[in-house]
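Here is how the chains run, residue by residue.
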Amino acid sequence: MIHNVGVDIVEINRIRKINNLDKFLQRFFTQSEINYILSKKNIYESIAGYFAAKEAVSKALGTGVIFRFTDIQIEKDTYGCPYVLLNNKALEIAKMNSINRIFISISHSENYATAFAIAEKEG
């Protein structure tokens, strides 16, 4: 059963204009996510996509961001498909709402990155 959905869009040029990119990465992403982002040819598209994904997940949880962005972790499976890991307060919120899985899709064009999340509830 669907608990909620979330969607977000990020303008990639806003990411390019960030003054202290290292500080931004440390604040919003886990070390695993940073490693992935830095391995990509166009890091700005990846940053924007992952940031949009975290926003979409927070909306799908039904709360918005009331926890640390690093409580939502975006990973890739062996086929390159993104999936969500929740930690700390985001995980507590999911458990309180009987959310057992979050589906995520991330896409980008030359100018924008977008993400769509679906929170699935038990029952």
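None of the values given here were measured: they were computed from a predicted structure.

### A word on the overall build of the protein chain
For the protein chain, the helix and strand inventory stands at five helices and five strands. Secondary structure elements in the protein chain, listed N-terminal to C-terminal, are β-α-α-α-α-β-β-α-β-β. Along the longest, intermediate and shortest principal axes, the C-alpha atoms of the protein chain span 45 × 25 × 25 Å. A buried classification covers 41% of the 123 residues belonging to the protein chain. Within the protein chain, counting contacts between residues at least 6 apart in sequence, those at least 24 apart form 55% of the total. As presented, the protein chain carries roughly 7,100 Å² of accessible surface, and 49% of it is formed by carbon and sulfur atoms.

### Considering the packing of helix α2 (residues 21-28) against helix α4 (residues 43-60)
The description of two helices packed together rests on the angle between their axes and the distance between the axes. Closest axis-to-axis distance for the α2/α4 pair is 12 Å, and the angle between their directions is 30°. Considering their axes alone, α2 and α4 lie roughly parallel with respect to each other. When the axes of α2 and α4 are compared, the crossing they make is left-handed. Listed contacts from α4 to L21, F24, L25 and F28 of α2 are I43, Y44, I47, F51 and K54. Across the contact of α2 with α4, the residue classes break down as eight nonpolar, no polar and one charged.

### Looking at α4
Across its 18 residues, α4 extends 25 Å between first and last C-alpha, which sits within 8% of the 26 Å expected from 1.5 Å per residue. Burial analysis of α4 places 16 of its 18 residues in the buried class, which makes it a mostly covered element. A side-chain oxygen of the first residue of α4 lies 3.1 Å from the backbone nitrogen of Y44; this N-cap is N42. Residue G62 follows α4 closely and has a positive phi angle near 90°.

### Quick look at the sheet that holds strand β5 (residues 112-121)
Pairing is antiparallel across the open sheet formed by three strands, whose spatial order is β1-β5-β4. Edge strands, defined here as strands with exactly one partner in the open sheet, are β1 (2-11) and β4 (99-108). The mean angle between the axes of side-by-side strands here comes to 15°, regardless of whether they run parallel or antiparallel. Direction of pairing for β1 relative to β5: antiparallel, over a ladder of nine bridges. When the sheet's bridge partners are listed, V5 is paired in β5 with I118.

### Let's talk about the packing of aromatic side chains
Evaluated as defined, the whole model comprises seven aromatic pairs. Ring geometry for F24 against F51: centres 5.9 Å apart, planes inclined by 35°, an arrangement best described as tilted. Highlighted residues: F24 in helix α2 and F51 in helix α4, separated in sequence by 27 residues. Pairing F28 with F69 gives two aromatic rings, centres 4.8 Å apart and planes at 75°, and the pair type is edge-to-face. With F28 in helix α2 and F69 in the loop between α4 and β2 (72-76), this pair connects stretches of sequence that are 41 residues apart. Given a relative accessible area of 9%, F28 falls into the buried group. For F69, a relative accessible area of 13% corresponds to the buried category.

Definitions and cut-offs
- Residues numbered from 1 in each chain as written.
- Predicted model: local features only at pLDDT ≥ 70, side-chain atom pairs only at ≥ 80, totals over all residues.
- Heavy atoms only, no water.
- Helix = DSSP H or I, 4+ residues; strand = E, 2+ residues; numbered from the N terminus.
- Buried < 20%, exposed > 50% of the residue type's maximum accessible area, 1.4 Å probe, protein only.
- Contact = heavy atoms within 4.5 Å.
- Areas by Shrake-Rupley, 256 points an atom, 1.4 Å probe, with all protein chains shown as cover.
- Axes fitted to C-alpha atoms, helices over the stretch in contact; angles between N-to-C directions.
- Parallel < 35°, antiparallel > 145°, perpendicular 65-115°, else oblique.
- Left-handed = near helix turned anticlockwise from the far one by under 90°.
- Nonpolar A, V, L, I, M, F, W, Y, C, P; charged D, E, K, R; others polar.
- Expected span 1.5 Å × (residues − 1).
- Polar contact = N/O pair within 3.5 Å; in protein donor to acceptor, adjacent residues only side chain to side chain.
- Pairing = 2+ DSSP bridges.
- Phe/Tyr/Trp six-rings, centres within 6.5 Å; stacked < 30°, edge-to-face > 60°.

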